[in-house]
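Listed here are the chains, written in short residue letters.
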Amino acid sequence: PYGDRADAFRALRRKLASSGNPHVILVTSAGEGDGKTTLAVNLAVALREGIRGKVLLLEGNLRAPGVAKALRFDPPVCFDEQIKSHQEDPLAPWVAAELLPQFHVMAVDPKKEHEPIFDPIAFTNGMTRLRGAGYEYIVVDSPPAIGSVDVRMIADLVDGTLFSAIRLKSKRGALREAMELIQPSPMLGVVMMDA
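As a starting point, this report considers the structure included with it. (Residues numbered from 1 in each chain as written. Predicted model: local features only at pLDDT ≥ 70, side-chain atom pairs only at ≥ 80, totals over all residues. Heavy atoms only, no water.)

1. What to know about the pattern of salt bridges
Taken as a whole and assessed by the stated rule, the structure comprises 10 salt bridges. Note that R10 and E49 form a salt bridge whose closest N and O atoms lie 2.7 Å from each other. One end of the pair, R10, is in helix α1 (residues 4-17); the other, E49, is in helix α2 (residues 36-49), and 39 residues separate them in sequence. Among the salt bridges present, the one from E49 reaches R13, with a minimum N-O distance of 3.8 Å. Placement of the pair is E49 in helix α2 and R13 in helix α1, with a sequence separation of 36 residues. Judged by relative accessible area, which is 38%, E49 ranks as partly exposed. Each of D7, R10, R13 and E49 takes part in a single network of salt bridges with overlapping partners. (Salt bridge = Lys/Arg side-chain N within 4 Å of Asp/Glu carboxyl O. Helix = DSSP H or I, 4+ residues; strand = E, 2+ residues; numbered from the N terminus. Buried < 20%, exposed > 50% of the residue type's maximum accessible area, 1.4 Å probe, protein only.)

2. Digging into unusual backbone geometry
Peptide bonds are trans in most cases, and residues, glycine excluded, mostly fall at negative phi. Cis geometry marks the peptide bond from Q183 to P184; its omega dihedral reads 15 degrees. Following the sequence through the fold, P184 ends up in the loop between α7 (172-181) and β7 (187-193). The backbone phi angle of L168 is positive, close to 70 degrees, even though this residue is not glycine. Tracing the sequence through the fold places L168 in the loop between β6 (160-166) and α7.

3. Comments concerning the environment of S164
Within the secondary structure, S164 is located in strand β6. Exposure remark for S164: the relative accessible area of 1% places this residue in the buried category. The spacing of S164 and L91 is 73 residues in sequence and 35 Å in space, taken between C-alpha atoms. Residues in contact with S164, not counting those within four places in the same chain, are T28, S29, D34, G35, K36, L39, V191 and M193. There is a polar contact of 3.4 Å between the side chain of S164 and the backbone oxygen of G35. (Contact = heavy atoms within 4.5 Å. Polar contact = N/O pair within 3.5 Å; in protein donor to acceptor, adjacent residues only side chain to side chain.)

4. Brief notes about the packing of aromatic side chains
Going through the model one piece at a time under the given rule, you end up with 4 aromatic pairs. Between F79 and F118, the ring centres sit 5.9 Å apart and the planes meet at 70 degrees, which makes this aromatic pair edge-to-face. Remark: F118 occurs in the loop between β4 (103-106) and α5 (120-131) and F79 occurs in helix α4 (residues 79-88); sequence separation between them is 39 residues. A relative accessible area of 2% means that F118 is categorised as buried. By way of ring pairs, the aromatic residues F79, W94, F118 and F123 are connected into one cluster. We note K54 situated over the ring of Y135; from NZ or CZ to the ring centre the distance is 5.0 Å. (Phe/Tyr/Trp six-rings, centres within 6.5 Å; stacked < 30°, edge-to-face > 60°. Lys NZ or Arg CZ within 6 Å of the ring centre and 35° of its normal.)

5. Topic: the pairing of strand β1 (residues 24-29)
When you tally the buried positions in β1, you get 6 out of 6 residues, the bulk of the element. A two-sided burial pattern is seen for β1, the buried positions comprising V24, L26 and T28 on one face and I25, V27 and S29 on the other. Across 4 bridges, β1 lies against strand β5 (residues 135-141) in parallel orientation. The residue bridging V24 from the neighbouring strand is I138, located in β5. (Pairing = 2+ DSSP bridges.)

6. Brief notes about the side chain of S29
Positionally, S29 belongs in strand β1. Take S29: its relative accessible area is 0%, and that puts it in the buried class. Looking at S29, its side chain comes within polar contact range of the main-chain oxygen of G31, at 2.7 Å. Apart from residues no more than four positions distant in its own chain, S29 is found in contact with D34, K36, P144, A145, F163, S164 and A178.

Shown next as structure tokens:
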């Protein structure tokens, strides 16, 4: 928590606060392996450090879920299953893991079979309910923008989008294409991650 990398995420938190302070943030990238889950996890932790309210890290990647592995925990209930059950019973309680005080995580269980994409109506209804659940910030870790229908759906439900890119790996043309795909979601910026 006291290293240069942690300080970089705190600087990102301050930059977002001074740029309109978005409360629901999508984290994506142009392609696979560009550090989006690392960015989402660390941003959520940095946001939690800077406020008194609760922060929710939400996994929106059914194809290659990585949040549970990155945080080394088993989700108590798979987020995909919760989305589906809330379609039938909108007033059912949500289940989140509290990994730190005021830091909640709803992750996709990587051990379970999933459809390749979320049901758009169920996901939209779920996001609407979670927005009203008292979280100061919600950070959504999503699949890559190129080749994913889910990212465009999620982008319509957030206050802004952050892109992750890897220095000397990510391609400028692919990043530009990915940014065009998520429009008109407000662009919050591109975070260059170390390989």
